[in-house]
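# Coordinate analysis (summary)
Here is what each chain is made of, one letter per residue.
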Amino acid sequence: MTQASSGPLLSIRNLTKYFGASAALDDVSLSVGYGEIRGLVGQNGSGKSTLIKCLAGYHSQDLEWHLELPGKELTRALHPGEITAFGVAFVHQDLGVLGDLSVLENLLLTEFSNDHRRYIGWRKERAKAREIFKQFGLDLDPAAKLSTLRPVEQAQVAIVRAVLQLRSAKQADHPGVLVLDEATTFLDRAGREGMYDLLRAVASEGSGVIFVSHDINEVLKVCDAVTVLRDGRVVADAPVSELTHDDLVSLIVTGKRGVEVISRPARRETLPAAATGKTSLEVEGLSGDLLNDVSLTVRPGEIVGVTGIVGSGWELVVEYLCGARRAESGTCRLGGKSIDLEAMSPDKALALSMVYVPSDRLREAIVPDLSLRENVMQPVLENAFEKGRLRLRRLTNACKDVLEHYAVVPAEPAMPMGLLSGGNQQKAVLAKWLQTDPLYVLLNEPTQGVDIGARQRIYELVRGAAARGAAVVYASADWEEVAGISDRVVVISEGRVAERIESADISVDAIAQAAYLGMRRSADLSKAAALLEDL
Amino acid sequence: MSAAPRRTQDGFVRRYGVIIVWVIVIIVFSLLRPKTFPTASNFETLLASQAPLGILSLGLLIPLSAGDYDLSVASVLTLSGMIVAILNVNHGMNVWLAALIAVVVGAAIGLLNGIICVGAGIDPFIVTLGMGTVVNGVTLWISNSTPVSGISQPLINMVVVHRLGGLSLEFFYLLIAAAIVWYIFEYTPAGRRILVVGRGREVARLSGMRVKRIRILAFVAAGAVGALAGVVYVGTSGSADPTAGTTLLLPAFAAVFLGSTTISPGRFNAWGTLVAVYFLTTGISGLALLGVQTFVQQLFYGGALVIAVLLSGITRRNKRRKDASQLPMEPQQLGDAGKAEGSGTPGQAVASQSPPAGGAVLGTGGE
């Protein structure tokens, strides 16, 4: 039931934004029509975030543009939050939801901040919430505590809240525009389907959607049209029907079509000769939470992928191994030493030369306020401690070398970590651990929220670590990535090892089959069948 | 994306702002009370008499850096002084042995704080508030609520009587204490670890740091240093008052937070704390010379704490903004950094139960 209205719902024309002398955005135009889902893609630093911030009113200086909404035309910069009144709502990466509050309270958060009500009729609000969930085909309980919801459901709540915001926008008599600023980044790939359905439902009501994402498959799947930014300019503006996956990758990376760019690691034909004197990582009987009796062996120089569908517990394997969480049982043999996994902790793991790169970068891997030097050099501080004190200058120089070696941009030891782009932060996290030449490397979603260019570099770094003899466990929900980088793949289904795929047989299809068919062997036949249909 | 020049004039003012204001305060009081304020004896008193508060503040700085409040330090100071007095005066114990026992008791209280907060995972704010009150009660109990005077001369000699360059030795104890704390946080891996624990507990844990041990040790250090301040305190006055030390809690917090806006802005730091202690006491002493009433002291310390926290929040935000301006292409990450520690949009309150990072108490907004 797309609106009959013609013309764009929101249109930005000739947007130019300077930071000092350099133009972050140069003559950029973007429009969204009624019921259209418009993708906005580009590498970190391409200007997508700047564009979103201009819309949100966070940039007021050195900005020129023509902004048009139905019945509204502006050439001045906006104040923070001003655009909300014109019928544009945002869902950001962190979602802005509160885990301790109920779903309903979360939905009402923005109303609380805008309204000056004296009284809240909870029963009425609950009924209203149920109704809107029903309308969008969501099965959510308004009374449930938000933190008990799955991540994708939390994201749905954030989106529904934004839709409510659009509906209550006082100065807008149009269906509004929803802006999703990388809101899917932290969602499990398999869980994102629920998001896409919701977005389509929102668009079918006539609202426009601006969908900012790193994930090309996702953009191709959910968007009607896509705008590609590169170095602050629009390099493409086309319906997705005219674009292939390779086109988009090429446009994002090079600004042109038809340039071959490898967005996924290519299969490696031969294993590097295992470094002598290094030993395998052998895990036996690992159980805890969802996981049930998982065993795996990783030889030196080998990359073993661990994956599965969302909720199967694949990510627990690395979390238990490094002691980030306590397993209920299981042993791990490292070079003849047998360790009880119930008693594993990150400091013990580190003492055994086992390093871990967590998936939640912002909360678990970096301290955004501290400098790159303090973040990256932390595991090797002792090396710079000489004659009773830390040699700070030497530490800084060593840090610069490490940053350059691992292609972290900018290679500025004094720069606060939080100011780097996601890809560079992740490279810095890898640099932090790989500089110690670890024997065992555990990676949990190492390319999450990372742009294509940086992904390449991360694959190289992981391969490099393996080539130096490390045993690498690569846990990821991205099957293409796992299929590309792994020498062997362990597929987890419902907490058990469903299949071990050996090198020659690895493919996305093989992983998918194992992940979904694993369920058939267990009791839930219908569930597996339903999921296979989706495939 | 090359780095812009870092030491701008603006940076200088920010870095040394408190010192500049301190100098202005000194000049103003000197002009107002030219006969009494700018005198050698006044400055000597000013510098030396604040050693107990200074040492106490340095002790407090340690758990604050590790991300934990300790509201019991001033009570530990009072108890420690009382222990020295009772053992020395009432039981005739050697004063140095008594001092040693007092420091051990202080460390034990810190250990208890640490075990309850870290081991049982209870909010330090509440635990140490309760512990401080318990300690106050114990102090009143063992002293029968009356001051004990008559401390052995050797301690008094070593604290106030002996002088070096016209200043009591206690001033130099304070300098040494500040140097040690500075050294630990600036030049040892252990100090750097405390910093990471304070800013990102989960990051620290997953990086293989023994977060619990580090936090507990920070409490122990605060207890021991607080007790040491108590020893210097009885050395200064020659007697122990069962309530006197408690009034130092607020000035100590004010000093540490105000200190985090200077010398090494955005971070709790020893020299900054020292500067702040002297800034605050100069203000108090000048006001006293002007003849204002004693309630002004409370207004001044309380006001200074609130302003210090406000300033340290602004310092942090400005620093972030300035750093961001060096990275013109990626301002979004700036916002992310803000969000990560929880501020701005409603969602940010999720993380805002986080402990005090250097001056982050205000949880300054993403933008």
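Residues numbered from 1 in each chain as written. Chains lettered and ligands numbered in written order. Predicted model: local features only at pLDDT ≥ 70, side-chain atom pairs only at ≥ 80, totals over all residues. Heavy atoms only, no water.

### Some thoughts on the overall build of chain B
The helix and strand tally for chain B stands at 15 helices and four strands. Relative to its full complement of 367 residues, chain B shows a buried share of 56%. Within chain B, contacts between residues separated by at least 24 positions form 75% of all contacts whose residues are at least 6 apart in sequence. Surface accessibility of chain B: about 14900 Å² in total, with carbon and sulfur atoms responsible for 68%. (Helix = DSSP H or I, 4+ residues; strand = E, 2+ residues; numbered from the N terminus. Buried < 20%, exposed > 50% of the residue type's maximum accessible area, 1.4 Å probe, protein only. Contact = heavy atoms within 4.5 Å. Areas by Shrake-Rupley, 256 points an atom, 1.4 Å probe, with all protein chains shown as cover.)

### Some remarks on the environment of Arg394 of chain A
Residues and elements named next belong to chain A. Tracing the chain through its elements places Arg394 in helix H13 (residues 392–405). Along the primary structure Arg394 and Asn383 are separated by 11 residues, whereas in three dimensions their C-alpha atoms are 10.0 Å apart. In contact with Arg394, not counting residues within four places along its chain, are Asn383, Ala384 and Glu386. For Arg394, the side chain forms a polar contact with the side chain of Glu386, separated by 3.2 Å. (Polar contact = N/O pair within 3.5 Å; in protein donor to acceptor, adjacent residues only side chain to side chain.)

### A short note on the sheet that holds strand S4 (residues 63–69) of chain A
All names here are of chain A. Spatial ordering of the open sheet is given by S2-S1-S4-S5, a layout of four strands whose pairing is antiparallel. A strand with exactly one partner marks an edge of an open sheet, and here the two such strands are strand S2 (22–33) and strand S5 (72–74). With direction set aside, neighbouring strand axes in the sheet form an average angle of 5°. Relative to S2, strand S1 (residues 8–19) runs antiparallel, the two sharing eight bridges. The residue of S2 that forms the bridge with Lys17 is Leu25. Packed onto the sheet, helix H1 (residues 48–56) meets S1, S2 and S4 and runs at close to 110° relative to S1. (Pairing = 2+ DSSP bridges. Axes fitted to C-alpha atoms, helices over the stretch in contact; angles between N-to-C directions.)

### Regarding the confidence of the model for chain A
Looking at chain A as a whole, the pLDDT averages 84, with 88% of positions reaching at least 70. This model gives residues 520–525 of chain A a pLDDT under 50, and the stretch forms seven contacts once residues within four places in sequence are excluded. (pLDDT = per-residue confidence, 0-100.)

### Here's the deal with the nonpolar core
Grouped together as the largest cluster of nonpolar side chains are 103 residues, with contacts concentrated most on Leu56, Leu64, Val84, Leu155, Phe253, Phe257 and Leu280 of chain B. No other element matches helix H11 (residues 211–237) of chain B, which puts 13 residues into this core. Listed in part, the 56 residues of the second largest apolar core include Ala89, Val91, Phe136 and Leu243 of chain A. (Core = buried A, V, L, I, M, F, W, Y, C linked by side-chain atoms within 4.5 Å.)

### Looking at the packing of aromatic side chains
Under the counting rule described, the total for this entry stands at 10 aromatic pairs over all chains. Between Phe37 of chain B and Phe43 of chain B, the aromatic rings sit 5.9 Å apart at their centres with planes inclined by 80°, giving edge-to-face as the arrangement. The exposure class assigned to Phe37 of chain B is buried, which follows from its relative accessible area of 1%. Look at Phe43 of chain B and you get partly exposed, because its relative accessible area is 29%. One aromatic cluster in this structure is built from Tyr69, Phe125, Phe253, Phe257 and Phe268 of chain B. Taking NZ or CZ as reference, Arg389 of chain A lies 4.8 Å from the ring centre of Tyr187 of chain B, over its face. (Phe/Tyr/Trp six-rings, centres within 6.5 Å; stacked < 30°, edge-to-face > 60°. Lys NZ or Arg CZ within 6 Å of the ring centre and 35° of its normal.)

### Observations regarding the pairing of strand S21 (residues 488–493) of chain A
Residue and element names in this part refer to chain A. Summarising burial for S21: six of the six residues are buried, a large majority. Here S21 shows no split at all, with Arg488, Val490 and Ile492 on one side and Val489, Val491 and Ser493 on the other all buried. Strand direction decides the pairing type here: strand S13 (residues 303–308) and S21, joined by five bridges, are parallel. Looking across to S21, one finds that Val304 is bridged to Arg488.

### Details of the pattern of salt bridges
Scanning the model with the defined rule gives 32 salt bridges over all chains in all. For Asp197 of chain A, the salt bridge identified is with Arg200 of chain A, shortest N-O distance 3.3 Å. Of this pair, Asp197 of chain A and Arg200 of chain A are both found in helix H6 (residues 193–204), three residues apart, which corresponds to roughly one turn of the helix. Asp197 of chain A sits in the partly exposed class, given a relative accessible area of 46%. Overall, the relative accessible area of 35% leaves Arg200 of chain A in the partly exposed class. The partner of Glu386 of chain A in a salt bridge is Arg394 of chain A, with the nearest N and O atoms 3.2 Å apart. Salt bridges sharing common partners tie together Glu374 of chain A together with Glu186, Arg192 and Arg267 of chain B. (Salt bridge = Lys/Arg side-chain N within 4 Å of Asp/Glu carboxyl O.)

### Topic: the sheet that holds strand S22 (residues 496–501) of chain A
Residue and element names in this part refer to chain A. Across the sheet, which stays open at both edges, the six strands sit in the order S16-S19-S20-S13-S21-S22 with mixed pairing between neighbours. Each end of this open sheet is capped by a strand with a single partner; those strands are strand S16 (354–357) and S22. The sheet shows a mean angle of 20° between the axes of neighbouring strands, taken without regard to direction. Summarising the sheet, strand S19 (residues 440–444) and strand S20 (residues 471–475) pair through five bridges and their orientation is parallel. Of the residues in S20, the one forming a bridge with Leu442 is Val473. Along the sheet, helix H14 (residues 422–434) makes contact with S16 and S19, crossing S16 at roughly 170°. Strand contacts of helix H15 (residues 452–467): S13, S19 and S20, with the helix running at about 150° to S20, the strand carrying the most contacts.

### Observations concerning the pairing of S20 of chain A
All names here are of chain A. Among the five residues in S20, five count as buried, and that is most of the element. Of the two faces of S20, the one lined by Ala471, Val473 and Ala475 and the one lined by Val472 and Tyr474 are each fully buried. Sheet topology places S13 next to S20; four bridges connect them, and they run parallel. Counted as the bridge partner of Val304 is Val473 from S20. Handedness of the S19-H15-S20 crossover: right-handed. (Right-handed = clockwise from strand over helix to strand, strands pointing away.)

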